[in-house]
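For reference, the chains in residue letters:
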Amino acid sequence: MLTLIAILGVIGVLWYLLRGYIRRFSAGGVCMSSARLDGKTVLITGANTGIGKETARALAARGARVIIACRDVLKGVAVATEIRSDTGNQQVVVRRLDLADTQAIRHFAKDILKDEKHIHILINNAGVMMCPYSKTTDGFEMQFGVNHLGHFLLTHLLIDLIKQSVPSRIIIVSSLAHVVGRIKFDDLQSERSYDGGLAYCQSKLANILFTRELAKRLQGLRVTVNSVHPGSVKSELVRHSSMLAILFWLFSMFIKTPKEGAQTSVYCAVAEELEFVSGKHFSDCSPAFVAPQGRNEETAKRLWDVSCELLGIKWE
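Here the structure is a predicted model, which means the values were calculated and not measured.

Caption draft 1: Here's a closer look at helix 2 (residues 50-61). Over its twelve residues, helix 2 extends 17 Å from the first C-alpha to the last, a length consistent with the 16 Å expected when each residue adds 1.5 Å. Across the twelve residues of helix 2, ten count as buried, placing the element largely inside the fold. G63 sits one or two positions beyond helix 2 and adopts a positive phi of about 100°.

Printed below as a string of structure tokens:
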């Protein structure tokens, strides 16, 4: 018994002495660029909370006009007010966007094209994770529909404006979870069987494949497309998984804050050295591993074609 108490005491002392180092290590990379974004317009989906909110705050602090695109407008307005107060930048606006409804996405894009002269940076950040089985307004499985198809359609509708705003950048928030993902072309909507975790992984793999295929199609046009893994971040994303919420609480020392999780998105948005870098994946402000299935060109092309078919669009 005394031996056990002694061991626990030693562990406690080591934890106390090392907690600062552990926390700094867990925080990950930091965007070191001091680049300004005065005169630039940034559109961020899901910027009313978590990583998106902190990305919006960081880019507003650099002088950008920031469009917070979110479903919860009241929450978005509160966040915009907070960011304006914190940064002194009054060019932070809110627009309603429901990525689970293609008609709503089209109406949103129509208003953006009417009201905005440029979109220099598009950050496809919004997402849902491990939710109970449900479908979007158009009948798509919720995670695949929001995380992939919603952003696919939004990017398609805004791409001409983005091309007119060169040099411009598109950043797609994916996840390390893509390494477990597989694109189930025979059951994309998980109608035969559904596992919330695997459906999430499929959607994050789709983000990677979309990034690589879009980058290839935009080659030479001064529009770059890169994906990011923000890390394990304390956010509302885990609200559908009690197990994950408990694990995040138990290992909170190793979990990033939203501000820390936003660093790679900010890095990909502003870093001067990435001006001509496209089709890559980043984490902790550095190039990151992409699983073999995320580098399969045939799968990327097939997913592109299937996505266009599902959404009823032509994207050459």
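Continuing now.
Caption draft 2: Broad picture of the sheet that holds strand 4 (residues 121-124). Reading across from one edge, 3-2-1-4-5-6-7-8 is the order of the eight strands in this open sheet, with mixed pairing throughout. Pairing within the sheet leaves two strands with one partner each, and these edge strands are strand 3 (92-96) and strand 8 (286-287). In terms of strand pairing, strand 5 (residues 168-173) meets strand 6 (residues 223-229) through six bridges, oriented parallel. Note on strand 6: the bridge partner recorded for S168 is V223. Running over the sheet, helix 2 touches strand 1 (41-45), strand 2 (65-70), strand 3 and strand 4 and is turned about 170° from strand 1. With respect to the sheet, helix 4 (residues 102-115) is in contact with strand 1, strand 2 and strand 3, its orientation differing from that of strand 3 by roughly 145°.

Caption draft 3: Region of interest: the state of the cysteines. If you walk through the whole model with that rule in mind, you get zero disulfides. Just so you know, C31 is unpaired, no disulfide at all, and the nearest cysteine sulfur is the one on C285, 5.6 Å from it. The class of C31 is buried, set by a relative accessible area of 10%.

Caption draft 4: Spatial organisation of unusual backbone geometry. With an omega dihedral of 0°, the bond running from V166 to P167 counts as a cis peptide bond. Relative to the assigned elements, P167 resides in the loop between helix 5 (142-163) and strand 5. Residues other than glycine seldom take positive phi values, yet C285 does so here, at roughly 60°. Considering the arrangement of structural elements, one finds C285 in the loop between strand 7 (281-283) and strand 8.

Caption draft 5: Quick look at helix 10 (residues 297-311). With 15 residues, helix 10 should reach 21 Å at 1.5 Å per residue; the first-to-last C-alpha distance of 21 Å fits that figure. Along helix 10, the residues that are buried comprise T299, A300, L303, W304, V306, S307, C308 and L311. The inward-facing, buried residues of helix 10 abut helix 4, helix 5 and helix 6 (196-217). Of the residues that open helix 10, the one with a side-chain oxygen 3.0 Å from the backbone nitrogen of E298 is N296. Within two residues after helix 10, G312 carries a phi angle of roughly 70°, on the positive side.

Reading the values: rules and limits
Residues numbered from 1 in each chain as written. Predicted model: local features only at pLDDT ≥ 70, side-chain atom pairs only at ≥ 80, totals over all residues. Heavy atoms only, no water. Helix = DSSP H or I, 4+ residues; strand = E, 2+ residues; numbered from the N terminus. Expected span 1.5 Å × (residues − 1). Buried < 20%, exposed > 50% of the residue type's maximum accessible area, 1.4 Å probe, protein only. Pairing = 2+ DSSP bridges. Contact = heavy atoms within 4.5 Å. Axes fitted to C-alpha atoms, helices over the stretch in contact; angles between N-to-C directions. Disulfide = S-S within 2.5 Å. Polar contact = N/O pair within 3.5 Å; in protein donor to acceptor, adjacent residues only side chain to side chain.

These results come straight from atomic positions and should not be treated as a statement about function.
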